[in-house]
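One letter stands for each residue in the lines below.
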Amino acid sequence: MTIYRDEGIVLRTQKLGEADRIVTVLTRRTGRIRAVAKGVRKTRSKFGARLEPFTHVDLQLYERRSLDLISQAETIRPYGERLVADYPRYTAGVAMLEAAEKLTAEEREPSLRQFLLLVGGLRTLGDQTHDARLVLDAFLLRSLSVAGWAPALDECARCGGRAGIRGFSIPAGGALCLVCRVPGSATPTPETFGLMIALLRGAWEAADASDDRHRVECSGLVAAYLQWHLEHGIRSLRHVERSKSVEVPRTGPAPERS
């Protein structure tokens, strides 16, 4: 068996047999992998706590035909410690982990930019320097961009014009001008468009100064746009703490594309 090392963020775990777990990890070099951790559910396990979701770990693994085998695990940073006691940040973090898994569709396909985005997003959540909802939306917008699905925000998705941007259509790819606007398009405020652009570009001073009503509108558009592009919805988005005036789009089959 080939031995290799990699670092990664634990995305989720599932039980295997009486004492083992299958651990899903987004790694720096290998991409998303699933590996078996033997005996980690036993109370005497040496590294069971190091293989919990949100943990940034350094791993040694044996490569096998089916699931790889984790032989060593050392904690680099336990991001979960700062999140579990803060419900808005915890639910935002869970949504980030699920989105990171869904947006890396192929196992063992290197995705360094997605890995770095996830590390940066969890670090920012834990530092509590920005509103959790803003951090989540920034992460989702940038992850969509890395996946090749960035929405048009400052120009029309159809004609490329920058004047008269008023509508937002998910099937059309984002912002639409008055001429290209299609029936059923949303009508975000200019401030909401500005907030989405700020989050995508990392302009935190502008994002932090935004009004809550624009944050609510932004979150709804980002969640709907993300789930349109995924085969399966992000279930954890329904638990993210948001304003009572917004409804997070339900998970399920994506609307039929035209």
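Just above, that's the structure.
Please read all numbers here as calculations on a predicted model, not as lab measurements.

Conventions used here
Residues numbered from 1 in each chain as written. Predicted model: local features only at pLDDT ≥ 70, side-chain atom pairs only at ≥ 80, totals over all residues. Heavy atoms only, no water. Helix = DSSP H or I, 4+ residues; strand = E, 2+ residues; numbered from the N terminus. Buried < 20%, exposed > 50% of the residue type's maximum accessible area, 1.4 Å probe, protein only. Contact = heavy atoms within 4.5 Å. Pairing = 2+ DSSP bridges. Axes fitted to C-alpha atoms, helices over the stretch in contact; angles between N-to-C directions. Core = buried A, V, L, I, M, F, W, Y, C linked by side-chain atoms within 4.5 Å. Parallel < 35°, antiparallel > 145°, perpendicular 65-115°, else oblique. Left-handed = near helix turned anticlockwise from the far one by under 90°. Nonpolar A, V, L, I, M, F, W, Y, C, P; charged D, E, K, R; others polar.

(A) The arrangement of the side chain of Asp20 in detail. Along the polypeptide, Asp20 turns up in strand S2 (residues 20–27). Under the relative-accessibility criterion, Asp20 is labelled buried at 15%. When sequence neighbours within four positions are dropped, the list of residues in contact with Asp20 reads Gln14, Lys15, Val36, Ala37, Lys38, Gly39, Val40 and Arg41.

(B) Region of the structure containing the sheet that holds strand S4 (residues 55–63). One closed barrel holds the five strands; their spatial order is S1-S2-S3-S5-S4, and the pairing between them is mixed. Ignoring which end each strand starts from, the neighbouring axes of this sheet average 50° apart. Where S4 lies against strand S5 (residues 68–78), eight bridges are found, and the strand directions are antiparallel. Directly across from Gln60, in S5, lies its bridge partner Gln72. Packed onto the sheet, helix H2 (residues 87–102) meets strand S1 (2–16), S2 and strand S3 (32–37) and runs at close to 120° relative to S1.

(C) Layout of the nonpolar core. Leu118, Leu122, Leu199 and Leu237 are the most contacted members of the largest nonpolar core, which has 58 residues in total. Residue contributions to this core peak at nine residues, all from helix H4 (residues 132–146). Those residues within four positions of Leu118 in sequence are excluded, and the remaining contacts are Ile9, Leu11, Leu26, Met96, Leu97, Ala100 and Phe139. The next biggest cluster of nonpolar side chains, apart from the first, holds 15 residues, and it includes Val23, Leu59, Leu61 and Ile70.

(D) Structural context of the packing of helix H5 (residues 190–201) against helix H7 (residues 212–229). For the pair H5 and H7, interaxial distance at closest approach is 9 Å and the crossing angle is 65°. Comparing their axes, H7 and H5 come out roughly perpendicular. As for how H5 packs across H7, the hand of that crossing is right-handed. Between H5, through Glu191, Thr192, Leu195, Met196 and Leu199, and H7, the contact on the second element is made entirely by His214, Arg215, Glu217, Cys218, Leu221 and Val222. Looking at the contact of H5 with H7 residue by residue, the class counts come to six nonpolar, two polar and three charged.

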